[in-house]
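# Summary of the model geometry
The residues making up each chain are set out below.
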Amino acid sequence: MTRFDAVVLAGGAARRLGGADKPGLSVGGRALLDRVLDACRDAGRAVVVGGRRATSRPVVWAREDPPGGGPLAALAAGVRHVEADTVVVLGGDLPFLDRATVRGLVDALATGTAGNDGTAHAVRGAEAVLAVDADGRDQPLVAAYRTEPLRREIALLATEHGRLSGLPLRLLTQELDLARVPAQPLAAFDCDTWEDLAAARARIREHGNVLDEWITAVKAELGIELDVDTALLLDLARDAAHGVARPAAPLTTFLVGYAAAKAGNGGPEAVAEAARKAAALAARWANETDTRPGTEADPRPGTRPGTEADAG
C-alpha cells in the first residue's frame, strides 16, 4: 500500500455562502471538513490549510500568506508540511468523497494504471492523477500528485510571477504531466452554495442511502474501523423486537457489539458469531410463547396445563 499524505484546502472565503464557515457546515451530522478527513484517513499525515478548529482526527495546520490568497497559495503552504512522496490534494467541502476514491487516485499514480479490468488504461509516468467529473471537468482538488514535481512547479510559478496569491490552480496543473480518471458518482460534488448544501443533506436522507450514511457517520464518530453487516444486525433487531419485546431490539444489538468487543479482536467475525447466538436465543424465546399441546414449546401430545398429566 503506497504511503501518502493529504493536504486539505479549507480556508476559502465562501463568498457564495455569504462568508459562512463552510468547512464547519454539517452534512449528515458531520462537518464537511471532518467528512473529507475521514475519506483520507489512510494518509500518514493530514495537513489542513485554513483556520484552526476542532477536527475528528489529529491534523497539521497551515495558513497561506496572506490568508485568503487563493488555492495555489494555500496549496503551497500545505505542501511545505508534506513528508510522503505522494500527496492527495482535496477541497474541504466534498460531502460524498470516500476512502475508495482517495485510495484509487493514490494507487493509479503508484501503479501506472487506472480503472477496472474493463476500462484499465495507462497513466504511467504521470506526475499527477486528477479526477474528472461527470461533465468532463478536471478536479485538481480531487487529485493525487507526486510531491517533488508539485513543489518544483510551485517554486517556478512563485519565481515567475513574484507571488502565488491570487493565481489560479490551472497555471500549476498545465505545467505537470497529468493523467485523468473518471470520478465516482458525486465524489467531486462540492458545496459552493446553500442550494448545494441542501441537495447534499437531502441526498443522504434518501431511502436507498440513509442507513449506509448513518452507519458511516456513527463509525466515524466513535472511531470504529469495522465492516458492519447491516442486514444481519437488522434481522437480529427484528427477531428480538417481534419475539421478545420492541425495546429488546436496540438493547440486544448493543449487547452483541459489547460481546464482540470482549471476544478479542472485535472484528466482523466476532460480530457475526455474537449475532448468531443472540438470534438463536430470540428464536427459542419466541417459541416458548406458544404453549399449546404438541407445539415445540410443549411437545407432550394431548396435554394441557391443569390436566392429570401435569399432576405428577
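Anyway, here's the lowdown on the structure attached to this text.

Calculation rules
- Residues numbered from 1 in each chain as written.
- Predicted model: local features only at pLDDT ≥ 70, side-chain atom pairs only at ≥ 80, totals over all residues.
- Heavy atoms only, no water.
- Helix = DSSP H or I, 4+ residues; strand = E, 2+ residues; numbered from the N terminus.
- Contact = heavy atoms within 4.5 Å.
- Expected span 1.5 Å × (residues − 1).
- Buried < 20%, exposed > 50% of the residue type's maximum accessible area, 1.4 Å probe, protein only.
- Salt bridge = Lys/Arg side-chain N within 4 Å of Asp/Glu carboxyl O.
- Core = buried A, V, L, I, M, F, W, Y, C linked by side-chain atoms within 4.5 Å.

### Focus: the environment of E213
- As for its placement among the helices and strands, E213 is situated in helix α7 (residues 210–222).
- The spatial distance from the C-alpha of E213 to the C-alpha of F96 is 9.8 Å, given a sequence separation of 117 residues.
- Not counting the four nearest positions on each side in its chain, E213 is found in contact with R35, F96 and I204.

### Quick word on helix α8 (residues 230–243)
- Over its 14 residues, α8 extends 20 Å from the first C-alpha to the last, a length consistent with the 20 Å expected when each residue adds 1.5 Å.
- Among the residues of α8, L236, A237, A240, A241 and G243 are the ones counted as buried.

### Considerations on the pattern of salt bridges
- Under the definition given, this model contains 21 salt bridges.
- When the shortest N-O distance is used, the salt bridge between R63 and E64 registers 3.4 Å.
- Overall, R63 belongs to the partly exposed group, its relative accessible area being 37%.
- A salt bridge links E153 to R152; the shortest N-O distance between them is 2.9 Å.
- Given the relative accessible area of 38%, R152 is considered partly exposed.
- Residues joined by salt bridges that share partners form a network here, namely R3, R45 and E83.

### Some details on the nonpolar core
- Ranked by internal contacts, the top residues of the largest apolar core, which has 31 residues, are L37, V48, L90, L97 and V102.
- Listing elements by their share of this core, those giving two or more residues are β1 (5–9), α1 (32–39), β4 (46–49), β6 (86–91), α3 (99–111), β9 (128–132), β10 (138–146) and β11 (178–182).
- Of the residues forming this core, the biggest block, 5 residues, is contributed by α3.
- If we ignore the near neighbours within four places in the chain, the residues touching V48 are V8, A10, L33, L37, V59, V60, W61 and A62.

### As for the environment of R3
- Within the secondary structure, R3 sits in the segment before β1.
- Overall, the relative accessible area of 48% leaves R3 in the partly exposed class.
- It is 8.9 Å that separates the C-alpha atoms of R3 and V87, two residues lying 84 residues apart in sequence.
- Non-local contacts of R3, meaning those with residues more than four positions away in its chain, are made with E83, A84 and T86.

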